[in-house]
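Each chain, letter by letter, is given below.
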Amino acid sequence: MGVSFVKVYRANCNKFILDNMVNENLVKDVVTEPYKYGFVTDIETEKIAKGLNEDIIKLISLKKEEPKYLLDFRLKAFKKWQKMKEPDWAQLGYKQIDYQDIIYYSAPKQKEKISSLDEVDPKLLETFDKLGIPLTEQKKLTNVAVDAVFDSVSIATTFREELAEHGVIFCSISEAVKNHSDLIEKYLGTVVPASDNYFAALNSAVFSDGSFVYIPKGVTCPMDLSSYFRINSGDSGQFERTLIIAEESSSVSYLEGCTAPMFDTNTLHAAVVELIALDDASIKYSTVQNWYAGDEEGVGGIFNFVTKRGKCLGKRSKISWSQVETGSAITWKYPSCLLLGEESVGEFYSVALTNNLQQADTGTKMIHIGPKTKSTIVSKGISAGNSINSYRGLVKMGSKATGARNYSQCDSMLIGDQASANTFPYIKSQQPNSEIEHEASTCRISEDQLFYLQSRGIEFEEAISMMVSGFCRDVFNQLPMEFAAEADKLLALKLEGSVG
Amino acid sequence: MQSKMKESDPILEVQNLFASTDNLPILKGVSMTVYPGEIHAIMGRNGCGKSTLSKIIAGHPSYNITKGNIKFSGENINSLEPEDRAQSGIFLGFQYPIEIPGVSNLEFLRVSTNARRKYLNKEELDTFDFEELVKEKLELVKMDHAFLSRSVNQGFSGGEKKRNEILQMALLQPKIAILDETDSGLDIDALRIVASGIKKISNAQTGIILITHYQRLLDEIEPDYVHVMADGQIIKTGGSDLALELEEKGYEWTDNLIKET
Amino acid sequence: MEIIERIKTNKLIDNPTDIQKICLNKLQSNPLPNPKSELWRLSNKSKFSNFFEYSANEKNPNFDIPYHSNPKDIIRIVIGLDSQILLKKENYSIQQLNRDKLDKYIKQKISCFDQNEHWSDLLNLCLSSEKNILGLKIKGSKIPPIEIFSHALSNSLKAKTLVIFVEKDCDVKLLQVNLGKENSSLSQSTFFCLEENSSVNHGIVSYGERKSHLLNSLNVIQQKNSEYNLGSLHFKFNYARFEIRIKQSAGNAKTNIKGMQITKNNEQISTYTKINFNGPNGFLDQINKSIANDKSHAIFEGLIIVPKIAQKTDASQLSRNLLLSNFAQIDTKPQLEIIADDVKCKHGATISQLNEEELFYMRTRGITLTEASKLQLSSFFQEIISFIPISKDRWDLLDKLLNEN
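Residues numbered from 1 in each chain as written. Chains lettered and ligands numbered in written order. Predicted model: local features only at pLDDT ≥ 70, side-chain atom pairs only at ≥ 80, totals over all residues.

Time to look at the overall build of chain C. Tallying secondary structure elements over chain C gives 9 helices and 19 strands in all. Reported as C-alpha extents along the three principal axes, the dimensions of chain C are approximately 65 × 45 × 45 Å. The buried share of chain C, taken over its 405 residues, is 51%. Taking as baseline every contact in chain C between residues at least 6 positions apart, the subset at least 24 positions apart corresponds to 83%. (Helix = DSSP H or I, 4+ residues; strand = E, 2+ residues; numbered from the N terminus. Buried ≥ 20, exposed ≤ 12 C-beta atoms within 10 Å, placed from the backbone. Contact = placed C-beta atoms within 7 Å.)

In C-alpha cells form, the structure reads like this:
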C-alpha cells in the first residue's frame with residue numbers, strides 16, 4: 001500500500017510512448033473526427049403507441065408471440081416496477097424521465113419471415129455497413145459472429161451455421177424464446193431478478209430483443225461473438241436483454257458495441273445482461289459503449305441505465321468484464337460478479353471517459369460468497385470538460401469466503417479544471433481469512449511529461465491522447481484485439497478540443 | 001564415510017517424508033539423518049522441494065505431512081508448533097527473510113533469545129545484558145549497531161538481511177541450523193562474512209544443513225554429505241565431491257538420473 | 001428514547017438557553033438522523049437507541065480522574081468542574097471566552113449546520129448546559145501541554161462542548177480524554193479554530209466501560225499556514241461514533257490524522273471523516289486503523305473534497321484494517337471527490353488478518369504465537385499511539401491495550 005501511483009504511471013507512460021511512436025499518425029487521424037455515427041437511417045418503422053401500461057406489455061408480448069410464462073414474467077416485473085422508486089443515490093443530475101412519453105416497441109418494417117440476409121432491407125444492411133459492421137456474406141467480418149440489433153429487434157446474426165456445428169447457440173433472444181424455451185425459462189431472471197432495481201424491473205417488463213448465447217459443455221467457442229446495438233428512433237427507448245450461459249468447461253468471448261444518432265432529446269436505454277458460468281467455464285464480456293453523448297451544451301444524448309451481472313455458479317468458473325465507456329449523457333452501470341463457486345474468479349477492467357457535460361457513475365460489485373474466490377478490479381476514469389466521472393464499487397467478503405482475495409485499483413485523471421472525479425469504494429468483510437486491497441489515485445497529465453513529448457516534436461493534442469491511452473493501457477490490454485485499437489481511437493476522438 | 005561421528009545419537013532424522021500443500025504433493029519420500037558436527041548440503045533445481053523440506057522441518061503451517069516422520073533428538077516433532085521447535089533448537093535461515101514493519105529488530109532479537117534461554121533453563125536477559133550479548137555477536141557478522149534500532153529486516157539490503165539471519169543463529173545457538181539459500185544475493189565479501197559466521201557459531205554438537213544452488217558457498221564451508229534433490233526426492237547422496245561433479249555436469253545430469261530411477 | 005420524546009414535545013429542559021432553544025427547534029421536526037443516509041446507514045439501530053437510555057441529570061458531577069499524578073508542567077481542565085479559567089503567564093495566556101462571544105460564535109456555527117450531517121452537534125448543543133460548554137482562547141508561546149477531560153458517570157447521559165481558538169503563531173499540545181463509565185452516554189462536540197501560522201498537536205483518547213456510549217464530534221477550521229495534527233484512539237464502548245470535519249478555509253495548510261479504533265465483544269465503533277479543501281496547496285496525510293475482534297463491528301468512512309479552487313492539493317488517505325475473528329465485521333469506504341485538476345490525491349484500503357508469514361518467521365525464532373501476535377499488533381498500534389501527544393509519556397496506554405486485547 002501507499003505506493004505512489006503517479007511515479008509508476010510515469011514510468012508506464014514513457015514506456016508506452018516509446019512503444020507507440022510509430023502509431024502517432026493513427027492517433028492524429030482521429031483527433032479531428034466528429035461523432036461519425038450520428039446519422040439517422042430513413043426507414044419505415046413499426047411503432048406502437050407511446051406510454052406504458054399492462055396493455056402495452058401484453059401487446060409487446062403478443063407481437064413477439066411469446067409463451068405465457070414470459071408474459072407473466074413481464075407483468076410481474078411491471079407490478080414491481082410500479083411500486084419502485086427511481087434511484088437517486090448516485091446523485092446524477094438529469095431531467096426527470098417521463099416514462100409515459102416513451103415508445104416501448106419500434107421495429108423496422110420488413111417481411112414477416114426472413115430466411116436469409118438477402119431479404120433484409122438493404123437500407124438496414126447499409127446502416128450497419130456505415131457503422132463498420134458489415135453483415136452481408138461477402139463483406140462480413142471474419143472470425144467474429146455478429147448479432148445486429150436495430151431499435152427493438154435483432155436484424156441478423158452472422159455465422160450461425162458455423163457456430164451450430166460446434167453446438168453453440170447464438171441468436172436473438174426472441175428467437176431463443178421460440179426455439180430454446182427450456183433454457184430461457186430456466187435461466188432468465190436468475191442473475192438479475194426483476195426486483196433487483198428500478199431499471200432492471202422496467203427492462204424485465206418491456207424488453208424487446210437482445211442476444212442469447214449458449215455454449216455447451218466442453219466447447220471453446222470457435223470465434224468471438226458480438227452484438228451491435230443501434231438506436232435509430234429518437235422517441236423510442238431501447239430495452240435489450242442479453243443472456244449468456246456457459247456450461248461446464250466451456251469458454252466464450254463476447255463483444256458488445258453501441259451507437260445512436262444525434263437527437264436533441266434524451267433517449268432511454270435500460271438493458272439487462274445476465275451471465276452464468278458453470279464449473280470451469282469462462283466468459284469474457286467486453287463492451288465499447290459509444291452512445292451519442294449529447295452536444296457541448298449537454299443537449300440530447302442517451303441515458304444509459306444498465307444492469308449487468310454475472311454469476312460464477314461453478315467451481316473455478318471465471319467471469320471477466322471489460323468496458324470502455326465513452327458515450328451517453330448519463331451512464332449508470334455496475335457490471336458485477338457473484339462469486340459462488342469455489343475458486344471462482346471475477347474481473348472488472350474499465351475505462352470511462354467523460355467530456356463536456358457527460359456524467360458517468362460506474363464501477364462494479366464483487367460479491368465473494370464461495371471459498372478461495374478471487375477478484376480483480378482495475379478502473380480508469382478520465383474526466384474532461386465539465387463532466388463528472390465517478391467510480392462506485394462494492395467488494396464484499398461473505399462469512400464463508402475463506403481464503404478469498406480482492407485487489408482493486410482505481411485511478412482518475414483530470415483534464416481541465418472544471419471536470420470532477422470521484423471515487424466511492426464500499427468495502428465490507430466478514431471473513432478474517434480473506435484479503436482486500438484497494439488503491440486509488442488521482443493525477444493529471446504533468447507538464448514535465450507534456451514537455452518531454454513536445455520536445456520530441458509531438459503535437460500537443462497528440463501528446464495528450466498518447467498519455468491518456470498510456471493511462472488506460474492496463475485495461476486496453478484486456479480487450480480483444482479489434483476492440484483495443486478502436487478504443488484507443490475513440491478516446492482520442494472524444495478528447496478533441498478538451499484541452500488547451 | 002566418517003563413521004566416528006555416529007557414536008552419538010542423531011540430531012535430526014527425516015524418515016520417508018511425504019508432504020503436500022493445497023493437496024499438491026511436494027515431498028515424495030525424503031529420508032536423511034544428521035549427526036552432531038555434520039554439515040549436509042542439499043542441492044537441486046528450483047522447485048525440487050528443498051525449500052519446502054526446510055520449511056516443513058521448521059513447522060510452516062501451510063504444509064501437511066501426509067506420511068513419514070521428522071525426529072529431533074529422538075522425538076517425533078511432526079505436530080510441534082514452530083516456536084516450540086525453535087526453542088528446542090531448530091533454526092531456519094530464511095531464503096527471503098520477512099520484513100516486519102514497526103517491530104524493532106532489537107526487541108525481536110531479545111524476545112526470541114529469551115524464549116530459547118528459558119527453554120534451556122538459562123536466566124532471561126534484561127535489555128542491558130542483552131545489548132552486551134548482541135554487541136559481541138554483531139562482531140561475528142560485521143553488522144553495525146544501528147541495525148538494531150531499525151524494524152525487522154525492513155529496508156535492509158539483501159546482504160544485510162542474510163547477515164541478520166546469521167546474527168539470529170548466533171544468538172539462538174541452535175542444535176541444528178537449516179540455511180535456505182543463505183548464499184543467494186550475496187557478493188563475494190558478504191558471502192565470506194556469512195560463511196565465517198556460520199563456521200564460528202557451529203561446533204561439534206551442531207548440525208548444519210545448507211540448501212544451495214551453487215558450489216561457491218560449499219567452497220567456504222565444506223560439507224560432509226551432499227544430497228541432490230529432484231521432484232520431491234533425494235535422488236543421490238555423496239561426499240563433497242558430488243557437489244563438484246554436479247557443478248561440472250549441470251542439473252541436466254540429475255534429470256537423466258531421475259529418468260534412470 | 002425518552003430524550004427524543006422530550007425533544008419532540010419540547011419539554012427537554014426547564015430553562016433552556018438561546019442556543020438550546022435554537023437546536024431544539026431544529027431537531028423538533030426531525031429528532032433523529034436519517035437512518036438511510038450514508039452517514040448513518042451502517043449504524044447499529046438498537047445500540048444507537050441505547051444511547052438515550054440514560055437521563056440527562058445534573059447531579060453528582062464529581063468524578064475520579066483515572067490517574068492522579070498531576071505534574072506541574074501540564075494544565076488540566078475538567079469540563080463542567082473548572083468554572084473559571086484564566087492563566088496569564090509571561091509568554092502565554094489561556095483564557096476563558098466570555099459568554100456573549102461564545103454564544104455568538106456557536107449560534108453562527110449552528111446557522112450553517114446541515115441537519116443530518118451535524119446531527120450529533122445539534123443534539124450536543126441541545127443538551128449541553130451552560131456550564132458544560134467551555135470556550136478557550138489560547139495565545140502566546142511555550143505553552144505547557146493541556147489536558148481536557150469529558151466524562152459521563154454511570155447511569156447518566158452527559159453532553160460536553162468545547163470551543164477552542166488558537167491564536168496566530170501559537171503552538172499547542174492538547175490531549176482530550178473522553179471517559180464513559182459503565183452504563184453511560186457521552187456526547188462530546190469540539191470546535192477548533194486555528195488562526196494563521198498556528199500549530200496544534202491534538203490527541204483524543206476515548207475509552208469506555210461496559211455498556212458505555214459515545215457520540216464524539218470534532219469540527220476544525222484551519223486558516224492559512226496552520227498545521228493540525230490529530231492522533232486519536234477509541235475503544236471499549238458498546239457504541240461509539242467519531243465524526244471529524246476539517247476545513248482548510250483558505251488552503252495552504254497542513255493536516256495530519258492518525259486514528260485508531262478497537263472493537264471487541266459485540267461493540268460497534270465507527271469513524272466518519274470529511275476533509276474539505278477550500279483553497280490551494282493544502283496537504284493531508286491521513287491513516288485510519290481498525291481492529292475488530294469477537295462479534296464486533298468497526299466502520300470507517302472517509303471523504304476528501306477537493307473543489308476547483310483547491311489546486312495543488314496533496315492528499316492521501318489510508319484505511320488499514322485487521323479483522324481478527326470469524327464473527328466480526330469491518331466496513332470501510334475511503335472516498336474522493338475531486339474537481340481541481342492539478343492535484344495529487346490517493347487513497348487506499350486493506351482488510352486482512354495478521355500476516356501469517358511474519359507470524360511464522362517470529363515463531364521459528366521461538367516466539368509464541370500469542371506473543372508474535374502481540375508484537376504485530378503493537379507495531380500496528382505504535383504508529384498511532386506515538387502520534388497522540390502527552391499520553392505516550394505518562395500513560396501506559398500501549399500496555400493497557402495489549403493486555404486487554
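Here the narrative resumes, following the displayed structure.
So, about the overall build of chain A. Of the regular secondary structure elements, chain A holds 13 helices and 24 strands. Sequence separation of at least 24 residues holds for 83% of the intrachain contacts in chain A that already meet a minimum separation of 6.

With that settled, consider the sheet that holds strand β9 (residues 176-180) of chain B. Residue and element names in this part refer to chain B. As summarised here, the arrangement of the 6 strands in space is β6-β9-β10-β3-β11-β12, forming an open sheet in which the pairing is mixed. At either end of the open sheet lies a strand with only one pairing partner, and these are β6 (90-93) and β12 (233-238). The sheet shows a mean angle of 20° between the axes of neighbouring strands, taken without regard to direction. Examined bridge by bridge, β6 and β9 share 4 bridges and lie parallel to one another. What sits directly across from Gly93, in β9, is Leu179. Running over the sheet, helix α8 (residues 240-249) touches β3 (39-43), β11 (225-230) and β12 and is turned about 45° from β11. (Pairing = 2+ DSSP bridges. Axes fitted to C-alpha atoms, helices over the stretch in contact; angles between N-to-C directions.)

In this section: the packing of helix α3 (residues 105-119) of chain B against helix α5 (residues 158-172) of chain B. Residues and elements named next belong to chain B. At their nearest, the axes of α3 and α5 sit 9 Å apart, and the two run at 35° to each other. Crossing geometry of α3 relative to α5 is assigned as right-handed. On α5, the residues touching Leu109, Ser112, Thr113 and Arg116 of α3 are Gln168, Leu171 and Leu172. The residue makeup of the contact of α3 with α5, split by class, is 3 nonpolar, 3 polar and 1 charged. (Left-handed = near helix turned anticlockwise from the far one by under 90°. Nonpolar A, V, L, I, M, F, W, Y, C, P; charged D, E, K, R; others polar.)

On to the interface of chain B and chain C. In this complex, chain B contributes 21 residues to the contact, which on the side of chain C involves 18 residues. Taken together, the elements giving at least two residues each to the side of chain B that touches chain C come down to α2 (82-88), β7 (100-104), α3 and α5 of chain B.

A word on the domain arrangement of chain A. Residue and element names in this part refer to chain A. What the domain assignment lists for chain A is domain 1 (1-32 + 453-500) and domain 2 (35-333). The interface is formed by 10 residues belonging to domain 1 together with 9 residues belonging to domain 2. Ranked by residue count, the leading element in the side of domain 1 that touches domain 2 is helix α13 (residues 481-494), at 6 residues. Each residue belonging to the side of domain 1 that touches domain 2 can be placed in one class, and the counts come to 7 nonpolar, 1 polar and 2 charged. (Domains from an automatic or database assignment.)

Interfaces are often described in size by the accessible area the parts lose on coming together. Residues and elements named next belong to chain C. Segmenting chain C into domains produces domain 1 (3-249) and domain 2 (356-405). On the side of domain 2, 7 residues touch domain 1, which itself brings 10 residues to the contact. Contributing elements (two or more residues each) for the side of domain 1 that touches domain 2: β7 (171-180), β9 (199-208) and β11 (227-235). For the side of domain 1 that touches domain 2, the class distribution of residues is 5 nonpolar, 3 polar and 2 charged.

Ranked by internal contacts, the top residues of the largest apolar core, which has 239 residues, are Ala246, Ala277 and Ile283 of chain A together with Val306 of chain C. Looking at which element gives the most residues to this core, the answer is strand β6 (residues 156-166) of chain C, with 7 residues. What Ala277 of chain A contacts, discounting residues up to four positions off in sequence, is Ala246, Ser282, Ile283, Gly310, Cys312, Leu313, Gly314, Ser317, Lys318 and Ile319 of chain A. In terms of nonpolar packing, the next biggest core, distinct from the first, is built from 75 residues, Leu12, Ile90, Ala195 and Ile234 of chain B among them. (Core = buried A, V, L, I, M, F, W, Y, C linked by C-beta atoms within 7 Å.)

This part covers the interface of chain C and chain A. Taken together, the contact between chain C and chain A spans 31 residues of the former and 35 residues of the latter. Secondary structure elements with two or more residues in the side of chain C that touches chain A: β17 (314-323), β18 (329-338) and β19 (344-352) of chain C. Top element by residues in the side of chain C that touches chain A is β18 of chain C. It accounts for 10 residues. A breakdown of the residues in the side of chain C that touches chain A according to their chemical character gives 13 nonpolar, 10 polar and 8 charged. Summarising the sheet, strand β24 (residues 434-444) of chain A and β19 of chain C pair through 7 bridges and their orientation is antiparallel. When the sheet's bridge partners are listed, Glu437 of chain A is paired in β19 of chain C with Thr350 of chain C.

Now for the sheet that holds strand β4 (residues 64-72) of chain B. Residues and elements named next belong to chain B. Strand order in the open sheet formed by 4 strands is β2-β1-β4-β5, with antiparallel pairing between adjacent strands. Because the sheet does not close on itself, it has two edges, and the strands there are β2 (24-34) and β5 (75-76). Relative to β2, strand β1 (residues 12-21) is paired through 8 bridges, and the arrangement is antiparallel. Counted as the bridge partner of Thr21 is Leu24 from β2. Where helix α1 (residues 50-58) meets the sheet, it contacts β1, β2 and β4, and its direction lies at approximately 70° from that of β2.

Now for the confidence of the model for chain A. Across chain A, pLDDT averages 81, with 82% of residues at or above 70. Ignoring residues within four places in sequence, the model shows residues 1-33 of chain A, a span with pLDDT below 50, making 46 contacts including any to other chains. (pLDDT = per-residue confidence, 0-100.)

It is worth spelling out the confidence of the model for chain C at this point. Here chain C averages 88 in pLDDT, and 91% of its residues register 70 or above. Across the interface, the model reports ipTM at 0.76; the global pTM reads 0.78.

We now examine helix α6 (residues 356-363) of chain C. Burial analysis of α6 of chain C places 6 of its 8 residues in the buried class, which makes it a mostly covered element. Considered for burial, the residues of α6 of chain C that qualify are Glu358, Leu359, Phe360, Tyr361, Met362 and Arg363 of chain C. Among the structural elements, α2 and β7 of chain B together with α7 (369-385) of chain C are those in contact with the buried residues of α6 of chain C.

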